[in-house]
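# Geometric and topological summary
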Amino acid sequence: MTRIVVVGAGPAGVAAATLLVERGADVTLIEERAQPGGQVWRAPAPGLALDMDRLLRGDSEGFRRFHAGFAVLRPRIDWRPETLVWNVHGGTVQIVAGGAQQALPYDALLLATGATDRIAPIPGWTLPGVFALGGAQAVLKDQGCLIGREVVFCGSSPLLFLAAVQYARFGAAVTVLDTTPLGAKISAVPGLAASAPRQLAKGIGLMAALRRQGRPMHLGVTLLGFEGSGGVTGVRWRDARGVERVTACDAVAYGHGLRPESQLAEIAGASLRFDRLRRFHAPEADALGRCGNGLYVAGDGAAIGGAEAAEVSGRLAAMALLADRGESVEFGALPERLARLRRFQDGLARAFAWPHAQVAALADGVTVCRCEQITAGEVRAVLAPQLGAAEVNRMKAATRCGMGRCQGRYCGHAAAEITAAALGRADAPLDRLRAQPPVKPLPIASALVEDDWP
Ligand SMILES: Cc1cc2nc3c(=O)[nH]c(=O)nc-3n(C[C@H](O)[C@H](O)[C@H](O)COP(=O)(O)OP(=O)(O)OC[C@H]3O[C@@H](n4cnc5c(N)ncnc54)[C@H](O)[C@@H]3O)c2cc1C
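Predicted model only: the values in this text are computed from it and were never measured. Numbering of residues begins from 1 in every chain and follows the order in which that chain's sequence is written. In keeping with the model being predicted, local features are shown solely for residues with a pLDDT of at least 70 and side-chain atom pairs are shown and tallied solely at 80 or more, while totals for entire chains, interfaces and linings include all residues. Excluded from the side-chain calculation are hydrogens and water; included are all heavy atoms of the structure.

### Some points on the domain arrangement of the chain
Convention followed: Start and end points for every domain follow an automatic or database-based domain assignment. Contacts are assigned to residue pairs that have any heavy atoms within 4.5 Å of one another. Buried area adds together the accessible area that both of two parts lose upon being put together, with accessible area traced by a 1.4 Å probe. The working definition used for a salt bridge is a side-chain nitrogen of Lys or Arg within 4 Å of a carboxyl oxygen of Asp or Glu.
Once the domains are mapped, the chain shows domain 1 (3–116 + 259–349), domain 2 (119–256) and domain 3 (355–454). A separation of 26 Å is found between the C-alpha centroids of domain 1 and domain 3. In this complex, domain 1 contributes 32 residues to the contact, which on the side of domain 3 involves 32 residues. Here domain 1 packs against domain 3, burying approximately 2700 Å² in sum over the two surfaces, 59% of which is carbon and sulfur. Three residues, Trp86, Gln101 and Arg279, lead the burial of domain 1 against domain 3; their summed loss comes to 24% of the area buried on that side. At the junction of domain 1 and domain 3, the tally comes to four salt bridges.

And the structure:
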């Protein structure tokens, strides 16, 4: 019997598990959260009667379809919710659930671990009331709460407009401050229209809805910092004409797009490639998601692609897995569909750019690593030639930047930009913080690992 473990119950992992089960495979599906759905189809907490039609509007049908499909899948798999995979070692995934640890052997491992927000540190970003953009949206989808009543959505990401519109539907006064100029968006339009016109129309529709409602929306701004003492009270920014302004608020949703959750893939043996356009590393895989040695990646954890691409790539990775086991599979038009959706994401990456030059030039006093309270100046200080830290992992060892609770998942990109600039290597592929187990914090009481595959 082939033991197949799928990690992540978002659209990619569930699409993969569904296809595998339909082909008669035994599948264990592991998910850190209590419910399936991933980021895009995240369900409200049990017992919370959140009006999903009001929240999702045109997307509510997709939400219902996903959860109805999962209800059919669930009795056919070994479903492990509230279970964190914290390591991959010696042909096993090491998990912790309910405070106890276990090692599950696998013959094939399909990682569909999704993405998280990418954060560019600026003055005040650690103030109470400043949320990651995706986190602000998750609070609404999961708990039915708003992070504030007057919320500034800022940074650069297509999610800025979606989350702002969703907050406005629930009564928040929203302002959008996007750091990428209108010109970059206009230049990206032909490529976006050629690859996924429906998604482009949806994005333009969100911006138009904010305009119609008279919500303040500014493109090409420079964010100067978040202000406040006990909590955020305003955003200081410069408009495209160079005029400095402050927008009062009681909360901020802040993010610069997404980064793949690639640590498990790296620990499991995948090589990582540097994506020059997005300036991050992602697992090296073929067009179907094969990394080699029985390891497959799908969804945003493989390449940022959005919900539809996640589902398609989940199915493709499952097909590749079956093909590698000698089964006959028909890939049909799916590879071309995935390639088209990923081309669309390349256009989005240009229209919503990561401000790498601004991150590299961050003032010395600004915190980069909030877990360990390390500033940009402390990072630069250990990169002085006489001290010999000549790459980002040595910098980490010398400062503890990236060594805290988040394991560098939030500070790592900024730390890499600052390090590269300080060493005069900003144009070369960036270094990256190497992934280390545990990929997320573990309960200290969790027991020793045991091999007890049922
Ligand atoms: C915060 C956030 C909000 C988003 N909101 C939207 C939106 O509203 N609309 C939209 O179109 N797109 C949204 N996106 C983009 C979204 O990521 C994709 O569209 C889609 O959800 C990707 O699907 P996926 O299956 O690849 O990953 P996800 O949907 O992210 O699913 C990955 C799953 O893997 C689980 N997981 C990760 N690591 C582990 C581990 N070590 N152990 C166990 N389980 C693990 C996670 O808990 C998660 O449930 C959002 C992204 C983020 C990060």
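We are not done yet, so read on.
### Considerations on the side chain of Arg279
Note the following rule: The way it works is that DSSP assigns letters per residue, a run of H or I at least four long becomes a helix, a run of E at least two long becomes a strand, and they are numbered from the N terminus. Whenever two N or O atoms come within 3.5 Å, that pair is a polar contact, provided that in protein one can donate a hydrogen and the other can accept it, and provided that, for residues adjacent in sequence, both atoms are side-chain atoms.
Along the chain, the position of Arg279 falls in the loop between β18 (272–275) and β19 (280–283). Engagement of the side chain of Arg279 in a polar contact is seen with the backbone oxygen of Ala426, the distance being 3.2 Å. Those residues in contact with Arg279 that lie beyond four places of it in its chain are Arg118, Phe274, Trp354, His356, His413, Glu417, Ala426 and Leu430.

### Quick notes on the pairing of strand β5 (residues 92–97)
Inclusion rule: The buried label applies to any residue whose accessible area, calculated with a 1.4 Å probe on protein chains only, is under 20% of its type's maximum; exposed applies above 50%, and partly exposed to all values in between. One requirement defines pairing of two strands: DSSP has to find at least two bridges between them.
In terms of burial, β5 is largely enclosed, as five of its six residues are buried. With six bridges connecting them, strand β4 (residues 83–89) and β5 associate as antiparallel partners. Opposite His89, over in β5, you have Thr92 as the bridge partner. Between β4 and β5, which pair antiparallel one after the other, the connecting turn spans two residues, and Gly90 there sits at a positive phi close to 55 degrees.

### Description of the site of the ligand
Put simply, the rule reads: Only heavy atoms are used to decide nearness, and a residue is near a molecule or strand if one of them lies within 4 Å of it. What sets the accessible areas is the Shrake-Rupley method with a 1.4 Å probe; for residues, cover comes only from the shown protein chains. Each residue receives one of three labels: charged for Asp, Glu, Lys and Arg, nonpolar for Ala, Val, Leu, Ile, Met, Phe, Trp, Tyr, Cys and Pro, and polar for the others, Gly being one of them.
Glu31, Gln39, Gln137, Asp300 and Ala307 are the nearest of the 32 residues found near the ligand. The side chain of Arg33 places a nitrogen or oxygen atom 3.4 Å from an oxygen atom of the ligand. Between the ligand and Val40, the relevant distance is 3.3 Å, taken from an oxygen atom to a main-chain nitrogen or oxygen of the residue. Bound to the protein, the ligand loses 92% of the 960 Å² it would expose on its own. Looking at the shell around the ligand, the elements with two or more residues in it are α1 (11–22), β4, β8 (115–117), α4 (133–143), α5 (158–169) and α9 (306–324). Counted by class, the shell around the ligand contains 15 nonpolar, twelve polar and five charged residues. The residue makeup of the shell around the ligand includes at least three contributed by each of domain 1 (3–116 + 259–349) and domain 2 (119–256).

### Comments concerning unusual backbone geometry
With the exception of glycine, the majority of residues adopt a negative phi angle, and the majority of peptide bonds are in the trans configuration. For the bond running from Pro437 to Pro438, omega is -5 degrees, close enough to zero to count as cis. With respect to the helices, strands and loops of the structure, Pro438 is situated in the segment after α14 (412–422). Positive phi outside glycine occurs at Arg57, with the angle close to 45 degrees. Mapped onto the elements of the fold, Arg57 is located in the loop between α2 (52–56) and α3 (60–73). Located in the positive-phi region is Gln373, a residue other than glycine, with phi close to 55 degrees. Note on placement: Gln373 falls in the loop between β22 (367–369) and β23 (374–375).

### Notes on the sheet that holds strand β14 (residues 234–238)
Heads up, the rule is: To get an axis, a line is fitted to the C-alpha atoms, and for a helix only the part in contact is used. The angle between two axes follows their N-to-C directions and goes from 0 to 180 degrees.
Spatial ordering of the open sheet is given by β13-β14-β15, a layout of three strands whose pairing is antiparallel. Looking at which strands have only one partner, the edges of the open sheet turn out to be β13 (222–227) and β15 (244–248). Averaged over all neighbouring strand pairs, the angle between strand axes comes to 20 degrees, with direction disregarded. Two strands pair when backbone bridges link them, and β14 and β15 are joined in this way by five bridges, in the antiparallel orientation. Bridge pairing in β15 places Val235 opposite Thr247.

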